[in-house]
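Architecture and fold: a report
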Amino acid sequence: MTSNLLRQAGLAVCLLVFPACATLENTDTEVAPTQINTNPFPSTYRPLDSETVLLKDATVLDGLGGRIDGGDVLLSGGRILAYGQEVSAPSGARIIDAAGRWVTPGIIDNHSHLGVYPSPGVDAHSDGNEISAPVTAEVWAEHSIWPQDPGFSRALAGGVTAMQILPGSANLFGGRGVTLKNVPARTAQAMKFPDAPYTLKMACGENPKRVYGYGRGYPGGTPYSRMGNVAGYRAAWARAASYKEAWERHWSGEGDAPERDLELDTLMGVLQGDILVHMHCYRADEMAQVMDISREFGYHVASFHHAVESYKIADLLADYGACSAMWADWWGFKMEAYDGIRENIPLVHRAGACAIVHSDSDIGIQRLNQEAAKALADGQRAGLDLSKAVAWQWLSANPARSLGIFDQTGSIEVGKNADIVVWSGDPFSSFTQADLVFVDGAVLFDRSEASLIPVSDFELGHPGEGDLK
Amino acid sequence: MRRDMLIGLGLIFSLTPSGLAQDFAIENARVWTGTDQGTLEQATVLVQDGVIAALGTDPDLPVGIDRLDAAGAWLTPGIISSASSTGLVEVGAEDTTDDRSAAEGLFSAAIVAADGFNPAAASVGVTRIEGITRIAVVPGLSSSLIAGQGFVADTGGTAQTEVDRKAFTVIGLGESGAAASGGSRAASWVELRAAFEDALSFSEEDGEDGTGHVLNAVDARAFGPAARGEQLILVAVSRASDIRAVLRLKAEMPQLNIALLGAEEGWLVADELRAAEVAVIIDPFTNLPSRFESLAATRHNAQRLILAGVTTAFTHFDDSSHQARLVLQVAGNSVASGVSHDDALAAITSVPADIFGLEGLGRIAVGQRGDLVLWDGDPLEVMSAPKAIWIDGEAQPLESRQTRLRDRYLDLGQASRPLAYSR
């Protein structure tokens, strides 16, 4: 991220201070190296108007493992200004009595296809996967996002304040993911989480070899097998390493700029540490292979997704430092998901590895808190010493870390974005719902106020319009 | 918590060392009866010969009977899943393990899904240990309008599994019916009416030369009981206008015994459904306009249908082979959306028992069968789980392939030899 920002800053200085940069280049004996614009689709997100709000007498989970009973949280200027047992209200603050209710950081789903596989799921909306080739690192999920997907508002009603939208998993390299604020908007850019790093979706296992290999009949295409998958990753990383070297030679003043290659731009971004790898990988043995590949080429996997077998190698994952994004209980729909167990999430956590509850579903994203509750209860029944406060890390802090946005959101800490949910009660209960959802201190959803329940363009004029969904 | 579970297991196994049903009494339970008796506190349930022999706060118990102190825990009837494909598929993406439907097959109404049922499938045990003792299993909708006949089975997972092989016939209308009939809803209605004619006019004498309008002789014979109203028909349908079309069919052919599957827009026609006495089986999670035939989907469908007096059962449609167990979470969530706790429990016990005509199941009362679940909390809470499960009075193991995997990996790195030696 840092080198990206510096490069952007350099470009900006060139444009602002020397409007005639190009002319200067021509007259100088030393030609300025060509730069790559790493942010051609910048976020235009602006927080909605907010007021100063004091949430009083709530059960507060800070998202880091801490819990305050009868606690207060003060939101002001879009940030968390103070929290604790007793916080006094500044004059003019709106005071919300949250007695009997729970306050948590907003849920962050690091695996969603909202917008790219929107409702209704008609053929024309199938924009989530560029299946045309096994390596499509050049595509960006944000270019498929339909902001009118009614799924966004359902997720908001479930307390989701940010999410990663990923391309699908047919390919070895599926393309770039993007992190969004869960705010209704007319454009994808207006939802983009400012300064969130880009991500790269990769996939292990059955999908690539089925889609490009045996699914096409005999002799199929490449990859046809898991070893073909690994060869495909390594070949692409080797090309990316050469591409990066060529650019670095150019930036150091030796040689011409290489020809732009959008696919290799993305892979180079990973090797530079600017783009975070999120890899669909079910089986434990495959994750172990991928960790070695990443060491071979000098990158790091931020998170394994759908990692149903992480419990088998939780120690290796802890040593390596990758998150596992998991369902509470999905299993068996494909061979590589056959060994799913209900205790996967708590066992990963117990090993000291980073555990995340993810959805991959427009239904699941609406109740990720309950998925955490199931995992917590199953972990407790298996004898693990876990609390609700600790389990909330799986829903906000850990996914925020996996997306590189934990410095801004994912916990209740002074100075962080006021991305907050007020729950009607204990969010680990089936009977609880989100009452209020704040994004950057602004009320984006209020269950008790019809005018504060977003209705997408698609839903207007259809039966049930404006219904509380 | 785990210790509690083991103690629970120990109690059960001591009750039934041979694995056969033994007589026992559960005392001091919070019994949700599903009857006019409501919920009984500190109640005792006596099970003899697999049947509930006594129920009350202080019934006479036979001397020396095994007693289990529930310590105030919830006791419910065994949970009933109203529509799943549990036991028809082992691994969803592997065709060789998937017997839900036969897209290239020759037959429709004559298909008996029970012929592909495997009580030993891993998903059956996984489903059972969550408290589901009976599953209504629905053949997959595929290339034909009439998907075939579904069954109701217990989840015991043994060779003695009780299977009602021809419990109902499944028909898919709306978008799926249109696709199966060449491309339009209108065509599917012509085809369906023709199929009823074929079934009702079928005679063994004429049957041999083959065929009616749309059904071959084998299918026409098999569709007869449903067409004559002797067998339940589940019609999978979503859109309000399609539901109305089904109600028109029911008005034309009042003998039909129809319940609806899906009914995402059911709340828009709730009064008509009640008037026609047509029951619905819905998934209260469904709240997205995922298809044009479910634009009005809302999590309040359940509440509005029940309020209107429509007989409403719940099920979980997504990955219904392996995740039928989520019907409890579904029911719990309906409470958050306005359904009463009683109605939500009824929707996964007594109501499906009534829809499928499962005598002796779905309620706790004297004379009912001994399908019982003892819980470690409110059964509708996501953090709760069964402490003990009985099917026809027989205690069930709280073990599945998943718990075996969990136990193997619970203490990762502690074993001196590879984990393949740990079991």
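What you are looking at is a predicted structure, and each value in this text was computed from that prediction instead of being measured.

1. Some words on the pairing of strand β2 (residues 67–76) of chain A
Residues and elements named next belong to chain A. Among the ten residues in β2, seven count as buried, and that is most of the element. Linking two consecutive strands that pair antiparallel, namely strand β1 (residues 53–61) and β2, is a turn of five residues; a positive phi of about 85 degrees is found at G63 within it. Where β2 meets strand β3 (residues 79–84), five bridges bridge the pair, whose relative direction is antiparallel. By the bridge assignment, D72 is partnered in β3 with G84.

2. Remarks on a nonpolar patch on the surface
Together, Y214, Y218 and Y224 of chain A make up an exposed nonpolar region whose accessible area comes to about 380 Å². Inspection of the secondary structure assignment puts Y224 of chain A in the loop between α4 (206–213) and α5 (226–251).

3. Here we look at the interface of chain B and chain A
With 59 residues of chain B in contact, the opposing surface of chain A contributes 54 residues. Carbon and sulfur atoms supply 56% of the area that chain B and chain A bury against each other, a total of about 4900 Å² over both sides. For the pair chain B and chain A, the interface holds four salt bridges. For D339 of chain A, the salt bridge is made with R401 of chain B, and the minimal N-O distance between the two is 2.7 Å.

4. Remarks on the sheet that holds strand β13 (residues 354–357) of chain A
Either a parallel or an antiparallel arrangement is found when strands of a sheet pair, and the pairing is made through backbone hydrogen bonds. Residue and element names in this part refer to chain A. Ordered by their spatial adjacency, eight strands build an open sheet running β6-β7-β8-β9-β10-β11-β12-β13, and the pairing between neighbours is mixed. The open sheet has two edge strands with one neighbour each: β6 (107–112) and β13. On average, each strand axis in the sheet is inclined to that of its neighbour by 25 degrees, with strand direction left out of account. Strand direction decides the pairing type here: strand β7 (residues 160–165) and strand β8 (residues 173–181), joined by four bridges, are antiparallel. Its bridge partner being in β8, Q164 is matched across the sheet by T179. Helix-sheet contacts for helix α7 (residues 284–297) involve β10 (276–280) and β11 (301–305), and the interaxial angle to β11 is about 160 degrees.

5. Some remarks on the domain arrangement of chain B
All names here are of chain B. Domain boundaries in chain B define domain 1 (2–77 + 374–407) and domain 2 (79–359). A C-alpha centroid distance of 31 Å is found between domain 1 and domain 2. Contact residues are listed per partner, giving 24 residues for domain 1 and 28 residues for domain 2. Both sides together, the interface formed by domain 1 and domain 2 hides about 1900 Å², and carbon and sulfur atoms give 67% of it. It is W32, L380 and I391 in domain 1 that bury the most area against domain 2; as a group they hold 35% of the surface buried on that side. At the boundary of domain 1 and domain 2, one finds one salt bridge. R134 is the partner of D392 in a salt bridge, and the nearest nitrogen-oxygen pair spans 3.3 Å. Where domain 1 touches domain 2, the interface holds five residue pairs in polar contact (both at pLDDT 80 or more). The residue inventory of the side of domain 1 that touches domain 2, partitioned by class, reads 13 nonpolar, seven polar and four charged.

6. Things to note about the packing of aromatic side chains
All names here are of chain A. One pass over the full model with this rule turns up 23 aromatic pairs over all chains. Ring geometry for Y282 and F333: centres 6.1 Å apart, planes at 70 degrees, overall edge-to-face. Taken together, the residues span a long stretch of sequence, with Y282 in the loop between β10 and α7 and F333 in the loop between β12 (323–326) and α9 (344–350) at a distance of 51 residues. Residue classification places F333 among the partly exposed positions, given a relative accessible area of 22%. Across from the ring centre of F193, 4.3 Å away, lies the NZ or CZ of K181, which sits over that ring. Above the ring of F406, the side-chain terminus of K416 is found at 3.4 Å from the ring centroid.

Rules behind the numbers
Residues numbered from 1 in each chain as written. Chains lettered and ligands numbered in written order. Predicted model: local features only at pLDDT ≥ 70, side-chain atom pairs only at ≥ 80, totals over all residues. Heavy atoms only, no water. Buried < 20%, exposed > 50% of the residue type's maximum accessible area, 1.4 Å probe, protein only. Helix = DSSP H or I, 4+ residues; strand = E, 2+ residues; numbered from the N terminus. Pairing = 2+ DSSP bridges. Patch = residues over 30% accessible without salt bridge, like charges linked within 9 Å, V, L, I, M, F, W, Y side chains within 5 Å. Areas by Shrake-Rupley, 256 points an atom, 1.4 Å probe, with all protein chains shown as cover. Salt bridge = Lys/Arg side-chain N within 4 Å of Asp/Glu carboxyl O. Contact = heavy atoms within 4.5 Å. Buried area = accessible area lost by both parts, 1.4 Å probe. Axes fitted to C-alpha atoms, helices over the stretch in contact; angles between N-to-C directions. Domains from an automatic or database assignment. Polar contact = N/O pair within 3.5 Å; in protein donor to acceptor, adjacent residues only side chain to side chain. Nonpolar A, V, L, I, M, F, W, Y, C, P; charged D, E, K, R; others polar. Phe/Tyr/Trp six-rings, centres within 6.5 Å; stacked < 30°, edge-to-face > 60°. Lys NZ or Arg CZ within 6 Å of the ring centre and 35° of its normal.

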